[in-house]
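# Summary of structural features
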Amino acid sequence: MPSDLASAPAPFRFDNSFVRTLDGLCVAWPPAQVPSPQLLFFNDALAVELGLDASALDSAAGASIFAGNTLPAGAAPVAQAYAGHQFGGFSPQLGDGRAVLLGEIVDPRGRRFDIALKGSGRTPFSRGGDGKAAVGPMLRELIIGEAMHALGIPTTRALAVAGTGEVVLREHKLRGAVLTRVAASHLRVGTFQYVAARGDNELLRALADYTIDRHDPALAADPDRYLQLLAAVANRQAALIAQWMNVGFIHGVMNTDNMTLSGETIDYGPCAFLEAYDPATVFSSIDHQGRYAYGNQPQIGLWNLTRLAECLLPLIDPDLDRAVQRATDLLNGWPEQYRSALLRGQRARLGLRQPEHPDADRDEADTALAADWLSLLHTHRIDYTLAWRSLADAATGNLAALNSLFADTDAPGAWLARWRNRCATDVPEAGGDAAHARAQAMRRASPRVIPRNHQVEAALRAASDDGDIAPLRRLIDAVRRPWDDDPALQPWTVPAPPEVTAAYQTFCGT
Ligand code: AMP
Ligand code: MG
């Protein structure tokens, strides 16, 4: 029997530093009441990590909280204000149009997290929107968040998705849902843009100090802390985007309001994973120019960081020219920082040791080796995930999996010879089977299971059209084991037929 929340201790021990510290960045706002809360998915694993009472929350009383009908004790719900560049055009006021921050909790490891509801009704920031969300997009955010987390990529996660019993009107009538989002914070580049656009330098300093306190406390006493904050955010984004690129993830809508200061991936709308390797891949139905194409993501990351830098200028140096110079010098180093994060991941995937000492020649040669592998995949339209995974087999001389991907099995021969020669230059660990160890290390770097687009869609269709959650549960179980060689996972490794991928479109789900 689920325990009764009314007699249980408060489900969340809220400690709401954002509303306590920052005046003028949010509006107190309750979630809307909905007719019929129902828990579609409760994330036990995450609840346990957060030190929450999972059995108390996985209940009708929990559904009422996660749908927005019951405010848990200590919550201080607010809609947060932010601005943002959307597809390059600036909106000085966006804000939480369909979300509220309930409050913050501190987990048993001392990490602070926002607990927010998404799809919880209109707010003062809703503009023309209805403030609602549909089951499909909220379950997609759940699936991709779990997959990214299992892949070791910083991400917000869903603690629960609750059905509301409402109909949400989009192109079709859809079932309504609310997602409970757990995030290191919801501080975005757009949050800084909101304050900077108002020219409120006092609030800007308070926001920057709050961000430092929350994400970079080691900088608090640094006399140069605002430039160092920019450096820390730039660092996290270089690492994050390199991970996206190495795993084949396309965010789809890298507007500045969807880029966090924490370095977590946020706002899974029209996101998708690459199938056949092609840097020009775009799945989003609204990205007509391909601004957020797979291959553009690093460049857009830098563009967004430059917008953040502009906001921070008055704090970086009272002399504007000097502030611009210092921020520019810092961001000029970003492409190299990104490339080195990317190369680190590529070396792991190629089964190469990370060099112990800086070695520009080796970096250049390994970068070229990785780039030539990618252009081979591009030319022959090879599935990105299977290609990397089959390379691990090739490390022990087993070419069956790799050959099965190429219509012309001779195509990768020259590149493979080069790769083998390069591998041979890494001094093997003393004892043991070097090839076997290399293959195992490669399998820890290149996932076998990713959320395949067609399988995500099938699971979402079953849940939204038929109310059948079983396929979603099976998919989540699979994406939580990305490295596992279990033969039972084989069905989750299969790419979509090319004609399905060619026609595949993702939607923002607004
Ligand atoms: P997103 O595409 O989810 O990053 O949202 C961009 C902006 O549109 C944010 O300010 C959202 O709060 C707002 N928004 C998205 N969908 C809705 C909706 N259904 N109702 C109100 N505001 C929305
Ligand atoms: Mg957003």
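Here the structure is a predicted model, which means the values were calculated and not measured. (Residues numbered from 1 in each chain as written. Chains lettered and ligands numbered in written order. Predicted model: local features only at pLDDT ≥ 70, side-chain atom pairs only at ≥ 80, totals over all residues. Heavy atoms only, no water.)

Bringing the nonpolar core into the picture now. In this structure, F192, W373, L391 and W419 are the most contacted members of the largest nonpolar core, which totals 121 residues. Ranked by residues supplied to this core, first place goes to helix α8 (residues 225-247) with 13 residues. A domain-level breakdown of this core finds at least three residues from each of domain 1 (6-189) and domain 2 (352-443). Ignoring sequence-local partners within four residues, the contact set of L391 consists of R349, L350, W373, W415, L416, W419 and M442. Counting residues in each nonpolar core, the second largest holds 25 residues, with F66, I105, L117 and V178 among its members. (Core = buried A, V, L, I, M, F, W, Y, C linked by side-chain atoms within 4.5 Å. Buried < 20%, exposed > 50% of the residue type's maximum accessible area, 1.4 Å probe, protein only. Helix = DSSP H or I, 4+ residues; strand = E, 2+ residues; numbered from the N terminus. Domains from an automatic or database assignment. Contact = heavy atoms within 4.5 Å.)

In this section: the pattern of salt bridges. Counted under the stated rule, the structure contains 37 salt bridges. Between R157 and E146 there is a salt bridge, and its shortest N-O distance comes to 2.9 Å. Placement of the pair is R157 in strand β8 (residues 157-169) and E146 in helix α5 (residues 135-150), with a sequence separation of 11 residues. In this pair, the class of R157 matches that of E146, namely buried. Salt bridges linked by common partners bring D15, R20, E104, R112, D114 and R214 together as one network. (Salt bridge = Lys/Arg side-chain N within 4 Å of Asp/Glu carboxyl O.)

This part takes up the site of ligand 1. Neighbouring ligand 1 are 18 residues, the closest being G95, G97, R127, D130 and G131. In the environment of ligand 1, an oxygen atom lies 2.6 Å from a nitrogen or oxygen atom belonging to the backbone of G95. Here a nitrogen atom of ligand 1 sits 3.2 Å away from a polar atom, N or O, in the side chain of R98. Within the complex, 88% of the 480 Å² of free accessible area of ligand 1 lies under protein. (Near = heavy atom within 4 Å. Polar contact = N/O pair within 3.5 Å; in protein donor to acceptor, adjacent residues only side chain to side chain. Areas by Shrake-Rupley, 256 points an atom, 1.4 Å probe, with all protein chains shown as cover.)

Here we take up the coordination of the magnesium ion (ligand 2). Coordination of the magnesium ion (ligand 2) by the protein comes from N258 (OD1) and D267 (OD), over a distance range of 1.9 to 2.2 Å. A single burial state applies to N258 and to D267, both of which are buried. (Donors = N, O, S within 2.8 Å, 3.2 Å for Na, K, Ca; no water.)

Bringing unusual backbone geometry into the picture now. One non-glycine residue with positive phi stands out, namely F87, at about 50°. The backbone of D267 sits at a positive phi, close to 65°, despite the residue not being glycine. Mapped onto the fold, D267 is located in the loop between β10 (249-250) and β11 (272-273).

This part takes up the packing of aromatic side chains. Throughout the structure, instances matching the rule amount to 15 aromatic pairs. Note on F18 and Y210: the rings are 5.9 Å apart at their centroids and 75° apart in plane angle, and the pair reads as edge-to-face. Of the two residues, F18 is situated in helix α1 (residues 17-21) and Y210 in helix α7 (residues 201-215); the sequence distance between them amounts to 192 residues. Of the residues examined, F18 reaches a relative accessible area of 2% and is grouped as buried. You can call Y210 buried: its relative accessible area is 5%. (Phe/Tyr/Trp six-rings, centres within 6.5 Å; stacked < 30°, edge-to-face > 60°.)

Right, let's talk about the environment of P154 for a bit. Tracing the sequence through the fold places P154 in the loop between α5 and β8. Accessibility expressed as a relative area gives 34% for P154, which makes it partly exposed. For the pair formed by P154 and I266, sequence separation is 112 residues and the distance between their alpha carbons is 9.2 Å. With residues near it in sequence (within four places) discarded, P154 still touches L240, Q243, G263, E264 and T265.

By the criterion of burial, strand β6 (residues 99-106) is predominantly enclosed, with 7 of the 8 residues buried. Note: β6 against strand β7 (residues 112-118), 7 bridges, orientation antiparallel. The residue bridging V100 from the neighbouring strand is L117, located in β7. (Pairing = 2+ DSSP bridges.)

Here we come to the domain arrangement of the protein. Domain assignment breaks the protein into domain 1 (6-189) and domain 2 (352-443). The straight-line distance from the C-alpha centre of domain 1 to that of domain 2 is 42 Å.

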